Amino acid sequence: MAPTQRHRWFTLPDSRERRRSQALRHLVLEMARSDFEERHPDARFGPVVALVAAYEEGRNIGAVLKAMPTLIGDLEVSALVVVDGGDDDTARIATDAGVFTCVLPVNLGQGAALRLGYELASEHGARFVVTLDADGQNDPTEMPTMLQPLLDGSADFVIASRRLGVDQTTDRFRRAGVQLYAWVLNAIVSQQLSDSSNGYRAFRTELLDDIGPHLTQDQYQTAEVVITAASRGWRITQQPTVWHPRASGASKKGGNLFFGMQYARVILTTWYRVGLGSRRRA
Ligand SMILES: Nc1nc2c(ncn2[C@@H]2O[C@H](COP(=O)(O)OP(=O)(O)OP(=O)(O)O)[C@@H](O)[C@H]2O)c(=O)[nH]1
Ligand SMILES: [Mg+2]
């Protein structure tokens, strides 16, 4: 039998496929890191990093960056935009705004882009990280409210709540989904969160260092972060904020049904992974 034929008998093609995609992914992340080092050779962030993952948000990101506070109390705020691939001028607009910018050469998804941002923030001196969307749905001027529970030492992780605050959007199906998934998540992790899918979040960097190696979701990451942090004993709380309609363009996460299915998948797979289910049953 020719060696190549024998090789085919004993090789699992999909495991090779997985290794190949992991290697490519690693390469893409290394390229983005080099890009960051080149743009900002001596980067040193302020104690607060406002982290924005942006995918083709050229029409929205400028206004978000303009509204960003530069100081909260006496803490300096550094904005860090992780441009998640894409073909538009998001990277140029962020660079022109004078903020820290890191560009992924291809689109990896919001979860992957945020993970890279968490690592950069921690490596370059941040004590707190606030994540917010690039599409104008979160108001950067509410960052002091988001940080307050971290600054007064009452929590390690703060999630914005459109249900405690104001929801200016009109999609009733999406609202029902937010409510349903918050209820499911609370039942799993014994929390009282009213809007667990909100992307406006504030973290202590120690928490991100701790949960970072356990995060795997490349796109629909919000539930994974909550379940992982709760399962590792970090204190989570919420703050009321305003949830604005997207400034322009459409959600890139798919329609409500698809989005909802992905959210449910992430809850189930993360719950299974952290083993909360088995501990409860025991
Ligand atoms: N959808 C999507 N968003 C990304 C990606 N990478 C980064 N993002 C950013 O993640 C943020 C949220 O994305 P949206 O598509 O608005 O999704 P969402 O706000 O969670 O959900 P909506 O309520 O439908 O807008 C935006 O700042 C995006 O630019 C990606 O690959 N896909
Ligand atoms: Mg959005």
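Quick note: structure is the one above.
Cut-off values and rules
Here the residue numbers are simple positions, counted from 1 along each chain's written sequence. Chains and ligands are labelled sequentially in the order written, the chains with letters from A and the ligands with numbers from 1. The model is predicted, so local features are restricted to residues of pLDDT at least 70 and side-chain atom pairs to those at 80 or more, both for listing and for counting; the totals for chains, interfaces and linings are taken over all residues. To qualify as a helix, a DSSP run of H or I must reach at least 4 residues; to qualify as a strand, a run of E must reach at least 2; elements of each kind are numbered from the N terminus. Radius of gyration: C-alpha atoms only; globule rule: 2.2 Å multiplied by the number of residues to the exponent 0.38. With C-beta atoms placed from the backbone, a residue is labelled by how many other C-beta atoms lie within 10 Å of its own: buried for 20 or more, exposed for 12 or fewer, partly exposed between the two. Remark: residues whose backbone-derived C-beta atoms lie within 7 Å of one another are considered to be in contact. Remark: nonpolar core denotes a set of buried Ala, Val, Leu, Ile, Met, Phe, Trp, Tyr and Cys residues whose joining runs through C-beta atoms within 7 Å. Here an axis means a line fitted to C-alpha atoms, over the contact stretch when the element is a helix, while the angle between two N-to-C directions is reported on a 0 to 180 degree scale. Comment on the angle field: the value is read as roughly parallel under 35 degrees, roughly antiparallel over 145, roughly perpendicular from 65 to 115, and oblique elsewhere. Here a crossing is taken to be left-handed if its near helix is turned anticlockwise relative to the far helix by less than a right angle, and right-handed if that turn runs clockwise. Here the nonpolar group is Ala, Val, Leu, Ile, Met, Phe, Trp, Tyr, Cys and Pro; Asp, Glu, Lys and Arg are the charged ones; every other residue, Gly included, is treated as polar. Note on definitions: a residue is near a molecule or strand provided its C-beta atom, placed from the backbone, lies within 6 Å of it. In this analysis, strands are considered paired if DSSP registers two or more bridges between them. Here the expected span of a helix is defined as 1.5 Å times the quantity of residues minus one. Working note: the arc is built from the helix axis to C-beta atom directions.

S.K.: Sorry, what's going on with the overall build of the protein here?
M.R.: The helix and strand inventory of the protein stands at 11 helices and eight strands. Whereas a compact globule of 282 residues would reach a radius of gyration of roughly 19 Å, the protein reaches 20 Å, a difference of no more than 12%. Residues counted as buried form 41% of the 282 residues belonging to the protein. In the protein, the proportion of contacts linking residues at least 24 apart, taken out of those at least 6 apart, comes to 78%.

S.K.: How do you make sense of the nonpolar core when you look at a structure like this?
M.R.: For soluble globular proteins, the rule of thumb is that nonpolar side chains tend to be buried together. Core analysis: the biggest nonpolar cluster contains 76 residues, and Ala50, Val52, Val129 and Val130 have the highest contact counts within it. Here Val130 is in contact with Val48, Ala50, Leu51, Met143, Met146, Leu147 and Ala202, once residues within four sequence places are set aside.

S.K.: Please explain the packing of helix 9 (residues 222-231) against helix 10 (residues 256-274) as it appears in this structure.
M.R.: Each pair of packed helices can be described by the angle between their axes along with the distance between the axes. The interhelical angle for the contact between helix 9 and helix 10, taken along N-to-C directions, is 25°, at an axis separation of 9 Å. Judged by the inter-axis angle, helix 9 sits roughly parallel to helix 10. Seen along the crossing, helix 9 lies across helix 10 with a hand that is right-handed. Across the interface between the two elements, Ala223, Glu224, Ile227, Thr228 and Ser231 from helix 9 touch Tyr263, Val266, Ile267, Thr270, Trp271 and Val274 from helix 10. Partitioned by chemical class, the residues of the contact of helix 9 with helix 10 number seven nonpolar, three polar and one charged.

S.K.: Please clarify how the packing of helix 7 (residues 172-189) against helix 10 should be interpreted in this entry.
M.R.: At a closest axis distance of 11 Å, the pairing of helix 7 and helix 10 adopts a crossing angle of 5°. Considering the angle they form, helix 7 stands roughly parallel to helix 10. Touching Phe173, Arg174, Gly177, Tyr181, Val184, Leu185 and Ile188 of helix 7 are Asn256, Gly260, Tyr263, Ile267 and Trp271, all from helix 10. When its residues are assigned to classes, the contact of helix 7 with helix 10 shows eight nonpolar, three polar and one charged.

S.K.: Please explain the site of ligand 1 as it appears in this structure.
M.R.: The immediate surroundings of ligand 1 are formed by 18 residues, with Tyr55, Asp84, Ala134, Ser251 and Lys252 found nearest. Among the secondary structure elements, those contributing two or more residues to the shell around ligand 1 are strand 1 (48-54) and helix 5 (110-123). Its residues placed into classes, the shell around ligand 1 shows five nonpolar, six polar and seven charged.

S.K.: Can you walk me through the environment of Leu24 in this structure?
M.R.: Examined against the element boundaries, Leu24 turns out to sit in helix 2 (residues 13-39). For Leu24 and Lys66, which are 42 residues apart along the polypeptide, the C-alpha to C-alpha distance reads 35 Å.

S.K.: What exactly am I supposed to notice about the pairing of strand 6 (residues 157-167) here?
M.R.: Look at any regular strand and the pattern is simple: side chains alternate between the two faces of the sheet. Two elements, strand 6 and strand 7 (residues 201-204), share three bridges in a ladder whose sense is antiparallel. Across the sheet, the residue bridging to Val158 is Ala202, located in strand 7. Where strand 6 lies against strand 8 (residues 236-243), seven bridges are found, and the strand directions are parallel. Across the sheet, Ser161 pairs through a bridge with Pro240, a residue of strand 8.

S.K.: What's the story with helix 7 in this structure? I'm lost.
M.R.: Owing to its 3.6 residues per turn, the α-helix brings residues three or four apart onto one side. Here helix 7 spans 26 Å end to end across 18 residues, near enough to the 26 Å set by a 1.5 Å rise per residue. Of the residues making up helix 7, those classed as buried are Val178, Tyr181, Ala182, Leu185, Ile188 and Val189. For helix 7, the buried positions fall inside an angular range of 125° around the axis, keeping them on one side. Facing away from the buried side of helix 7 by over 90 degrees, the exposed positions are Arg172, Phe173, Ala176 and Ala187. Ser190 sits one or two residues past helix 7 and shows a positive phi near 55°.

S.K.: Please clarify how the pairing of strand 7 should be interpreted in this entry.
M.R.: Burial along strand 7 is two-sided: the residues Arg201 and Phe203 and Ala202 and Arg204 are all buried. The pairing of strand 5 (residues 128-131) with strand 7 spans four bridges and is classified as antiparallel. Among the inter-strand pairings, Thr131 is bridged to a residue of strand 7, identified as Arg201.

S.K.: For this particular structure, what's the right way to read helix 10?
M.R.: Taking 1.5 Å of rise per residue, 19 residues should cover 27 Å, and helix 10 covers 27 Å from first to last C-alpha, within 8% of that figure. When we look at burial in helix 10, the residues that qualify are Tyr263, Val266, Ile267, Thr270 and Trp271. Around the axis of helix 10, the buried residues are gathered within 120° of arc, so they sit on the same side. Seen from the open side of helix 10, the exposed residues pointing more than 90 degrees away from its buried face are Leu257, Phe258, Met261 and Tyr272. Downstream of helix 10 by one or two residues, Gly275 has phi in the positive range, about 75°.

Fair warning: the whole summary comes from geometry, so function is off the table for now.
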